[in-house]
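Commentary on secondary and tertiary structure
One letter stands for each residue in the lines below.
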Amino acid sequence: MRFSFSTAGESHGPGEVTIVHGVPAGLGLLAEDINRDLARRQQGYGRGGRQKIEKDQIEFLGGVRHGYTLGSPVAMLVRNRDYANWEDRMNPAPVENPPEPITLPRPGHADLAGMQKYATSDLRNILERSSARETTARVAAGGVARKLLAEFGIQVSSAVYRIGGVAMDKEEAALGAEKSDSSEVRCPDPDVSERMKAEIQAAQRARDALGGEFVVVAEGCPPGLGSYVDWRYKLDARLAHAVMSINAIKGVEIGMGFGLAQSRSSEVQDEILPGQERPVRATNRLGGLEGGMTNGEPVVVSAAMKPISTISRSLRTVDLSTGEPARAFKERADSCAVPAAAVIGEAMVAVILAEAFLEKFGADNMTDIRASYEAYMQRIQRSFGNEWA
Ligand code: EPS
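Before going into details, it helps to say that this report is about the structure given with it. (Residues numbered from 1 in each chain as written. Predicted model: local features only at pLDDT ≥ 70, side-chain atom pairs only at ≥ 80, totals over all residues. Heavy atoms only, no water.)

Re the packing of aromatic side chains
This is how the line gets drawn: When the centres of two rings from Phe, Tyr and Trp lie within 6.5 Å, Trp using its six-membered ring, the rings pair. Their planes under 30 degrees apart give stacked, over 60 give edge-to-face, and anything left gives tilted. Note on conventions: DSSP H or I runs of at least 4 residues are helices, E runs of at least 2 residues are strands, and numbering of each starts at the N terminus. For each residue, the accessible area found with a 1.4 Å probe, counting protein chains only, is set against the maximum for its type, and the residue is called buried under 20%, exposed over 50%, and partly exposed in between.
All told, the structure shown has six aromatic pairs when counted by the stated rule. Residues Phe152 and Phe357 carry aromatic rings whose centres are separated by 4.6 Å and whose planes lie at 40° to one another, so their mutual orientation is tilted. One end of the pair, Phe152, is in the loop between helix 6 (135–150) and strand 7 (155–163); the other, Phe357, is in helix 10 (residues 338–361), and 205 residues separate them in sequence. According to the relative accessible area criterion, Phe357 is buried, its value standing at 0%. For the ring pair Phe357 and Tyr373, a centre distance of 5.7 Å and an interplane angle of 35° mean the geometry is tilted. Linking Phe357 in helix 10 with Tyr373 in helix 11 (residues 366–382), this pair joins segments that are 16 residues apart in sequence. For the pair Phe357 and Tyr373, a shared accessibility class is recorded, and that class is buried.

Description of the environment of Pro107
As a reminder of what qualifies: By the convention used here, residues are in contact when the closest approach between their heavy atoms is within 4.5 Å.
As for its placement among the helices and strands, Pro107 is situated in the loop between helix 3 (87–90) and helix 4 (111–118). The sequence separation of Pro107 and Thr135 amounts to 28 residues, and the corresponding C-alpha distance is 21 Å. Excluding anything up to four places from it in sequence, Pro107 contacts Ser309, Leu315, Arg316 and Ala328.

Description of the side chain of Thr135
Inclusion rule: Under the rule applied, a polar contact is a pair of N or O atoms within 3.5 Å (in protein, one hydrogen donor and one hydrogen acceptor; residues adjacent in sequence only if both atoms are side-chain atoms).
Mapped onto the elements of the fold, Thr135 is located in helix 6. A polar atom in the side chain of Thr135 sits 2.9 Å from the side chain of Arg41. Apart from the residues within four sequence positions on either side, Thr135 is in contact with Arg41, Asn247 and Ile344.

A closer look at the packing of helix 9 (residues 235–244) against helix 10
Definition in use: Geometry is summarised by axes, namely lines fitted to C-alpha atoms with helices restricted to the contacting stretch, and by angles between N-to-C directions that run from 0 to 180 degrees. By convention, the crossing between two helices is left-handed when the near helix turns anticlockwise from the far helix through less than a right angle, and right-handed when the turn is clockwise. Gly falls in the polar group here, along with every residue not listed as nonpolar (Ala, Val, Leu, Ile, Met, Phe, Trp, Tyr, Cys, Pro) or charged (Asp, Glu, Lys, Arg).
Closest axis-to-axis distance for the helix 9/helix 10 pair is 9 Å, and the angle between their directions is 145°. When the axes of helix 9 and helix 10 are compared, the crossing they make is right-handed. Every residue of helix 10 that contacts helix 9 at Leu235, Arg238, Leu239, Ala242 and Val243 is listed here: Met348, Val349, Ile352, Leu353, Glu355, Ala356 and Glu359. The class makeup of the residues in the contact of helix 9 with helix 10 is nine nonpolar, no polar and three charged.

Focus on the site of the ligand
Where we set the bar: Note on terminology: near, applied to a residue and a molecule or strand, indicates that one of the residue's heavy atoms is within 4 Å of it. Accessible areas in this description were obtained via Shrake-Rupley with a 1.4 Å probe; residue shielding takes into account the shown protein chains only.
Near the ligand you find His12, Arg41, Arg47, Arg50, Gln51, His109, Ser131, Ala132, Arg133, Glu331, Arg332 and Asp334, and these make up its full shell. Between the ligand and Arg41, the relevant distance is 2.7 Å, taken from an oxygen atom to a side-chain nitrogen or oxygen of the residue. At a separation of 3.0 Å, an oxygen atom of the ligand approaches a polar side-chain atom of Gln51. Against a free-state accessible area of 470 Å², the protein chains account for coverage of 92% of the ligand. Residue composition of the shell around the ligand, by class: one nonpolar, four polar and seven charged.

Structural notes on the nonpolar core
Rules: Within this scheme, the nonpolar core is defined by two criteria: the residues are buried Ala, Val, Leu, Ile, Met, Phe, Trp, Tyr or Cys, and they are joined through side-chain atoms within 4.5 Å.
Counting 86 residues, the largest nonpolar core has Phe3, Val144, Ile163, Phe214 and Phe357 as its most contacted members. With 16 residues, the single largest contributor to this core is helix 10. In this structure Phe357 touches Leu149, Phe152, Ile154, Pro222, Leu225, Gly362, Ile369 and Tyr373, once residues within four positions along its chain are discounted. By size, the runner-up hydrophobic cluster in this structure holds six residues, among which are Met115, Leu123, Leu127 and Phe329.

Focus: the pattern of salt bridges
For clarity, the cut-off: Think of a salt bridge as a Lys or Arg side-chain nitrogen and an Asp or Glu carboxyl oxygen that are within 4 Å of each other.
Scanning the model with the defined rule gives 31 salt bridges in all. Ionic pairing is found between Glu355 and Arg2, a salt bridge with its closest N-O pair at 2.5 Å. You can see Glu355 sitting in helix 10 and its partner Arg2 sitting in the segment before strand 1 (4–8), a full 353 residues away along the chain. For Glu355, a relative accessible area of 8% translates into the label buried. Judged by relative accessible area, which is 55%, Arg2 ranks as exposed. Linking Asp37 and Arg146 is a salt bridge whose minimum nitrogen-to-oxygen distance equals 2.7 Å. Placement of Asp37 in helix 1 (residues 31–42) and of Arg146 in helix 6 is noted, with a sequence separation of 109 residues between them. Assessed through its relative accessible area of 6%, Asp37 is described here as buried. Three or more residues joined by partner-sharing salt bridges are found here, namely Arg41, Arg50, Glu54, Asp56, Asp82, Arg133 and Arg332.

Description of helix 1
We count it as follows: Helix span, as expected, comes to 1.5 Å for every residue beyond the first.
Between its first and last C-alpha, helix 1 extends 17 Å over twelve residues, near the 16 Å set by a 1.5 Å rise per residue. Buried residues of helix 1: Asp33, Ile34, Asn35, Asp37, Leu38, Arg40, Arg41 and Gln42, and no others. Looking at the buried residues of helix 1, the elements they touch are helix 2 (50–53), strand 3 (58–62), strand 6 (74–79), helix 6 and helix 10. Two residues or fewer after helix 1 comes Gly44, characterised by a positive phi angle close to 120°.

Written as structure tokens, this is what we have:
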């Protein structure tokens, strides 16, 4: 079965559920492997009060025995601690005194189109699932993917290079991505980090919110993940889909992305040089992807996140119970979640790379996958010729 995952759960409901399919048997997997990333997602300057309530940790419900995967679906649960405060409002069972419906949709959120689409007059029925709380479950899936990739020396990291008007060079941020865990805004440059924090403080004082840009880097990918032979296999397109699906993301770039459009071809293509083990590139402007396949250089994907749409300085809307002009619904919210989005970006990139890796080397168990991977790596090291015959 193809490596993939699905999630279930509402923001203030009992919990967030992840089921990961297509995980080979024999992969070492501990709750700590997943919890580390869940904790990284909860960090970041500019988060609201909710992160003080939650301490995300998974319980395995299936697919793992004595620290190793079984080849069956891996099911994980993160309980929402905040549910204790929302039991009446979010109880799966009918309650005696249901809360008043919320009828003031927020511009920029899923509220209005969601209410129209799902035929409800209470926008809580929409916001609970469209909330970015769901990304907890995605990061749990990313943790499984990351564990598989690490077995083959593939490491995924991220950095924030823009928050509002404060930015650093994207390439420099990508090179320093491994250092970004020590910054409260996931920015590898300490001076820029401080300026980003000040920018967030200024937005908070104005009762507003900020977006930004982050870059995800995957090092150690073998050449040939993904394929040009069919549009559905193209890895750049699959990465863009996965990263664009993260809440509030409005743009995705591969390598220099839109910047490539401004230059001549000779300034853009990554020239091929003889390497020690196999050919390498003089530069990596195309973000490690050519023809929809990895080329062995680091995979570099970046994304732009719009500012969060729940702000206490609320914007104009229409009260759907009266049709009259009104001010949008306000709820406790973050003022900046770009650092968290970067960790979620890592998870989505890891999931797509794991899917493509298993397409190439896939089997039911880690022993056979290792053999297939090693045979491929040996072949591309020793040969440039036609081996079809
Ligand atoms: C979110 C609103 C806030 C955020 C939430 C995403 O939730 P609450 O209304 O409970 O304060 O904290 O993010 C998380 C809970 C999380 O774990 O990231 C939204 O509307 O998207």
